[in-house]
Amino acid sequence: IERKRLSSNDATYVYYNPLFDRFECYSVWLHLDVPSRRVTVDNAPGIQRIIHRRFSEDGLIWSDPEIILIPDNNDPWDLQFYFLATQFHDDWMIGSLGHYRVEDKQQSMDIELCFSRDGYKWERPLRGAFIKRGAAGTKVMDSAGIYAPNAWIDRNDKWLCLYSGTPN
């Protein structure tokens, strides 16, 4: 029963949070769609993808889900959130948010940066993709694909972002 309660259809990121001495899980939550954001051409037209988190002291028994990120009035009408990968930097977190657009069958995935001190309230000052994709038909490796964040590495005066992308 516990496994079924924790199941997700997609990207789930689990971390140990040293600031709060606990495991945290960030994952997509399949919420019944909001009528004003319904996109019938999506591969899941009755669903609105949002982000939730759970906690665990031991990594085995998890809390109930807590919704933390939902597209709002400052977002495109068809935006959904597909994943939230977090990484700690001193006493705050860098979030790589799966920015998923579905209008006109585009089903495009990008990474949007977000930031938090507590993992619950996330600031999204750079709404939208921050890694530029190539134009359609170009031979740029990650011109049309899904980006999955792997790591942020602090290089003092610069940050290195490791991610994955697909050409279609």
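What counts, and where the lines are drawn
Residues numbered from 1 in each chain as written. Predicted model: local features only at pLDDT ≥ 70, side-chain atom pairs only at ≥ 80, totals over all residues. Heavy atoms only, no water. Helix = DSSP H or I, 4+ residues; strand = E, 2+ residues; numbered from the N terminus. Buried < 20%, exposed > 50% of the residue type's maximum accessible area, 1.4 Å probe, protein only. Contact = heavy atoms within 4.5 Å. Areas by Shrake-Rupley, 256 points an atom, 1.4 Å probe, with all protein chains shown as cover. Pairing = 2+ DSSP bridges. Axes fitted to C-alpha atoms, helices over the stretch in contact; angles between N-to-C directions. Polar contact = N/O pair within 3.5 Å; in protein donor to acceptor, adjacent residues only side chain to side chain. Salt bridge = Lys/Arg side-chain N within 4 Å of Asp/Glu carboxyl O.

(A) Just the overall build of the protein, in detail. When helices and strands are counted, the protein shows one helix and nine strands. Helices and strands in the protein line up, N terminus first, as α-β-β-β-β-β-β-β-β-β. Out of the 168 residues belonging to the protein, those deemed buried represent 39%. A separation of at least 24 residues holds for 45% of the contacts in the protein among residues at least 6 apart in sequence. Of the roughly 9700 Å² of accessible surface on the protein, a fraction of 54% belongs to carbon and sulfur atoms.

(B) Structural context of the sheet that holds strand β3 (residues 47–56). Spatial ordering of the open sheet is given by β1-β2-β3-β4, a layout of four strands whose pairing is antiparallel. The strands lining the two open edges of the sheet, one partner per strand, are β1 (12–17) and β4 (66–69). Adjacent strand axes in the sheet meet at a mean angle of 35°, parallel and antiparallel pairs treated alike. Pairing between strand β2 (residues 22–32) and β3: 10 bridges, direction antiparallel. Looking across to β3, one finds that Val28 is bridged to Ile51.

(C) Looking closely at the side chain of Gln80. On the secondary structure map, Gln80 appears in strand β5 (residues 79–89). Looking at Gln80, the relative accessible area reads 2%, which means it is buried. A distance of 2.8 Å separates polar atoms of two side chains, one belonging to Gln80 and the other to Arg49. With near-sequence residues (within four places) excluded, Gln80 lies in contact with Asp42, Ile47, Gln48, Arg49, Pro71, Gly98, His99, Tyr100 and Val102.

(D) Unusual backbone geometry, seen in detail. For Asp21, which is not a glycine, the phi torsion comes out positive at approximately 50°. Within the secondary structure, Asp21 is located in the loop between β1 and β2. With a relative accessible area of 53%, Asp21 lands in the exposed category.

(E) The arrangement of the pattern of salt bridges in detail. Scanning the entire structure with this criterion turns up nine salt bridges. Two residues, Glu24 and Arg22, come together in a salt bridge whose shortest N-O distance is 2.9 Å. Each member of the pair, Glu24 together with Arg22, is buried. Here Asp75 and Arg124 are joined by a salt bridge, their closest N and O atoms 2.6 Å apart. With a gap of 49 residues between them, Asp75 in the loop between β4 and β5 and Arg124 in the loop between β7 (108–116) and β8 (148–154) connect regions that are remote in the sequence. Comparing Asp75 with Arg124, the two get one shared label, buried. Within the structure, one salt-bridge network assembled from shared partners comprises Asp72, Asp75, Glu112, Arg124 and Arg127.

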